[in-house]
Amino acid sequence: MRQRIIAANWKMYKNPQETRSFCESLRKLLPIHMEKNIFIFPQSICIETLKVALASTNIKVGAQNCYFENEGAFTGEVSPQTLFHMGCSSVLVGHSERRQLFGETNESCQKKILKAQENKLIPMYCVGETLEERKSNKTFEVLETQIQEGLKDADLKKLIIAYEPVWAIGTGEVATPDIAQEAHEFIRNTLKRLGNDDVALLYGGSVKPENAGLLAAKADIDGFLVGGASLKADSFSEICKTNLTRPVDAAR
Ligand code: PEP
């Protein structure tokens, strides 16, 4: 049974003090029953602070990246084993900023996904096409390759996928509900061929309280990965309420 999920990607924002005050505000705004469907991905350096601030809640904490080895001479990298020991439930893999700025490839994503799963972390695997790829009608081809290569040998039952068209991330330009649904349906069908289409599929790209409702009404959009609008407790909680009050297959 698919789950509705909302995730916050804080990117390289929020210091420990800001992390604590966000949590104080969020707890006042959010009904307790929604907590278990929410993930927050802070900078790695704030994971411990966030864990403590959320200790009496069911909100899950994740990391924005990890390496594909548990330990060793890999200066500056983040160990998936340590993330698990720190209480993380999940890790983002293949965010477009990591692909574009830090040379992440489908191959490195695949190694990270396997290592994360080995350490009981749920990978939240990010896929999505650039504007150039969309304009040259390569969207489905790109998505298929990212899925086939990135998920090779992965356990499809312990996975979340975020469809994040690169042209919509941090640009204010959101995909229309129909464009997002078309891509989600394609991803769902691709996963079906690989053996499990019961995977939560999140949309990410300039999601705000104002556009979340129409996106959440689409049959294959199970939730959101939210960047900018997750930095303020009031806009993030509004998005959570919009999405988490709907049955998962409302439009089917
Ligand atoms: C993201 O960083 O994953 C994201 C979707 O950012 P934004 O919501 O700001 O577009």
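Refer to the structure above for everything that follows.
As the structure is a computational prediction, the values presented were derived from the model and not from experiment.

Caption draft 1: Structural context of the packing of helix H5 (residues 106-118) against helix H7 (residues 139-150). Packing of H5 against H7 brings their axes to within 8 Å, and their N-to-C directions diverge by 45°. It follows from the interaxial angle that H5 and H7 lie oblique. The handedness of the crossing between H5 and H7 is right-handed. Counted together, Asn 106, Gln 110 and Ile 113 of H5 and Thr 145, Gln 146, Glu 149 and Gly 150 of H7 form the full contact between these two elements.

Caption draft 2: A look at the packing of aromatic side chains. According to the stated counting rule, one finds seven aromatic pairs in the structure shown. An angle of 45° between the planes, with centres 4.8 Å apart, marks the rings of Tyr 67 and Phe 74 as tilted. A relative accessible area of 16% places Tyr 67 in the buried class. Grouping aromatic residues by their ring pairs yields a cluster made of Trp 10, Phe 22 and Phe 236. Here Lys 14 stacks its cationic end above the ring of Trp 10, 5.3 Å away from the centre of that ring.

Caption draft 3: Summary view of the side chain of His 184. Here His 184 shows up in helix H8 (residues 177-194). We classify His 184 as buried; its relative accessible area is 0%. A polar contact is formed between the side chain of His 184 and the backbone oxygen of Asp 220, at a distance of 2.9 Å. Among all residues touching His 184, those that are not within four sequence positions of it are Tyr 163, Leu 201, Leu 202, Tyr 203, Asp 220 and Ile 221.

The rules we used
- Residues numbered from 1 in each chain as written.
- Predicted model: local features only at pLDDT ≥ 70, side-chain atom pairs only at ≥ 80, totals over all residues.
- Heavy atoms only, no water.
- Axes fitted to C-alpha atoms, helices over the stretch in contact; angles between N-to-C directions.
- Helix = DSSP H or I, 4+ residues; strand = E, 2+ residues; numbered from the N terminus.
- Parallel < 35°, antiparallel > 145°, perpendicular 65-115°, else oblique.
- Left-handed = near helix turned anticlockwise from the far one by under 90°.
- Contact = heavy atoms within 4.5 Å.
- Phe/Tyr/Trp six-rings, centres within 6.5 Å; stacked < 30°, edge-to-face > 60°.
- Buried < 20%, exposed > 50% of the residue type's maximum accessible area, 1.4 Å probe, protein only.
- Lys NZ or Arg CZ within 6 Å of the ring centre and 35° of its normal.
- Polar contact = N/O pair within 3.5 Å; in protein donor to acceptor, adjacent residues only side chain to side chain.

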